[in-house]
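# Understanding the architecture of this molecule
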Amino acid sequence: MNFRDWNEQQDLTQFLHHEARLLDEHRWDEWQKLFTPDGLYWVPLVHGQVDHLNHASLFCEDALLRSMRARRLEQARAYSQQPPTRTVHVLGNIALEGRDDDAGCTVRSTFLLLEWRKTEQRTFGGSVLHTLRRADDGWRIQTKRIDLVNCDAPHEGLQVFL
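Sequence order sets the numbering: in each chain, residues are counted from 1 along the sequence as written. It should be noted that, the model being predicted, local features are given only for residues of pLDDT at least 70 and side-chain atom pairs only at 80 or more, the latter also being counted only at that level, while totals for whole chains, interfaces and linings use all residues. With hydrogens and water excluded, all non-hydrogen atoms of the structure serve as input to the side-chain values.

With that settled, the discussion passes to the overall build of the protein. Elements are defined by DSSP. Helices are runs of H or I of four residues or more, strands are runs of E of two residues or more, and each kind is numbered from the N terminus. In terms of regular secondary structure, the protein is built from three helices and six strands. Counting from the amino terminus, the protein carries its helices and strands in the arrangement α-α-β-β-α-β-β-β-β. As defined in this context, the radius of gyration uses C-alpha atoms, and a globule is described by 2.2 Å times the residue total to the power 0.38. For the protein, whose C-alpha radius of gyration is 16 Å, the value lies close to the compact-globule estimate of 15 Å for 162 residues. Viewed in the frame of its principal axes, the protein has a C-alpha envelope of about 50 × 30 × 25 Å. Only protein chains enter the calculation, and the probe is 1.4 Å; a residue is then buried if its accessible area is under 20% of its type maximum, exposed if over 50%, and partly exposed in between. The 162 residues of the protein split such that 41% are buried.

Structure below.
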C-alpha cells in the first residue's frame, strides 16, 4: 500500500466514523447531507438480494423517505420515541473495495448496533457497502447498503437508521 492509499483509507475511515456518530447523536439533518441528491439507503430483506426494484426490502429510502422518517423520529409526540431510542454503532473491517473513474469508490465494512429503548436492548449486526462520490467538501453517499446477518428474521419495529 502506498502513501496515497494509506491517506485515502484514513479519510474513508474517518468519514464512516463521522456518519456513525451523527446517527448515534440523532443529528438527522447533518446525516442527510452526507448523501448525494439521488442517494439511496437500502436494507435488503433476504441474503444475496441483487436489487431493490424487483424485491421487497426492510428499507429502501431515497432523500424524501429518509427525511420523512427523520421527521417522525423528531416528533415530540411520537409514541415510539418516548423516551428516545439510544444507539451506539461499532464499525470494523473497513476496506476500500474499489475505485471508479467518476471520483468515487466502494467501501465495505462490518457493524454492530446496540439499541436501547425503554427497558429493551437489541443488537443488530452485518456488513455495509457504501458507494461514495467525491464532492468539493468531502465524500457523499450515493448508496448505503446494509446486509443484516438476520435480515430474514422477524423484526419488531425498526425505528432508527442502522
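What follows continues from the structure just given.
Quick look at the nonpolar core now. Remark: nonpolar core denotes a set of buried residues (Ala, Val, Leu, Ile, Met, Phe, Trp, Tyr, Cys) joined through side-chain atoms within 4.5 Å. Formed by 30 residues in total, the largest nonpolar core has its most connected members in Trp31, Tyr41, Leu132, Ile146, Leu148, Phe161 and Leu162. Looking at this core, the elements with two or more residues in it are α1 (3-24), α2 (28-32), β1 (35-44), α3 (63-74), β4 (104-117), β5 (120-135) and β6 (138-148).

On to the pairing of β5. Criterion used throughout: strands pair if DSSP finds at least two bridges between them. Sheet topology places β4 next to β5; 14 bridges connect them, and they run antiparallel. In the sheet register, glycine 104 faces β5, and the bridge partner there is arginine 133. Where β4 hands over to β5, the hairpin turn is made up of two residues, of which lysine 118 adopts a positive phi near 55 degrees. Where β5 lies against β6, 10 bridges are found, and the strand directions are antiparallel. Along β6, the bridge assignment pairs histidine 130 with lysine 144. If you look at the hairpin formed by β5 and β6, you'll find two residues sitting between the two strands.

This paragraph deals with the layout of surface pockets. For cavity detection a 1 Å grid was placed over the protein atoms alone, and a set of points counts as a cavity when a 1.4 Å probe fits there but cannot get out; an open set counts as a pocket when protein lies on both sides within 12 Å along at least five of seven lines, with lining residues being those that have an atom within 4 Å of a point. Grid points are joined across faces, edges and corners, and a volume is the space filled by probe spheres set on the points. Approximately 200 Å³ is the volume attributed to the largest pocket. Every residue lining the largest pocket is listed: Glu115, Arg117, Lys118, Thr119, Glu120, Arg122, Glu156, Gly157 and Gln159. Looking at the lining of the largest pocket, the elements with two or more residues in it are β4 and β5. Gly is placed with the polar residues, together with every amino acid not listed as nonpolar (Ala, Val, Leu, Ile, Met, Phe, Trp, Tyr, Cys and Pro) or charged (Asp, Glu, Lys and Arg). Class assignment of the residues belonging to the lining of the largest pocket gives a composition of no nonpolar, three polar and six charged.

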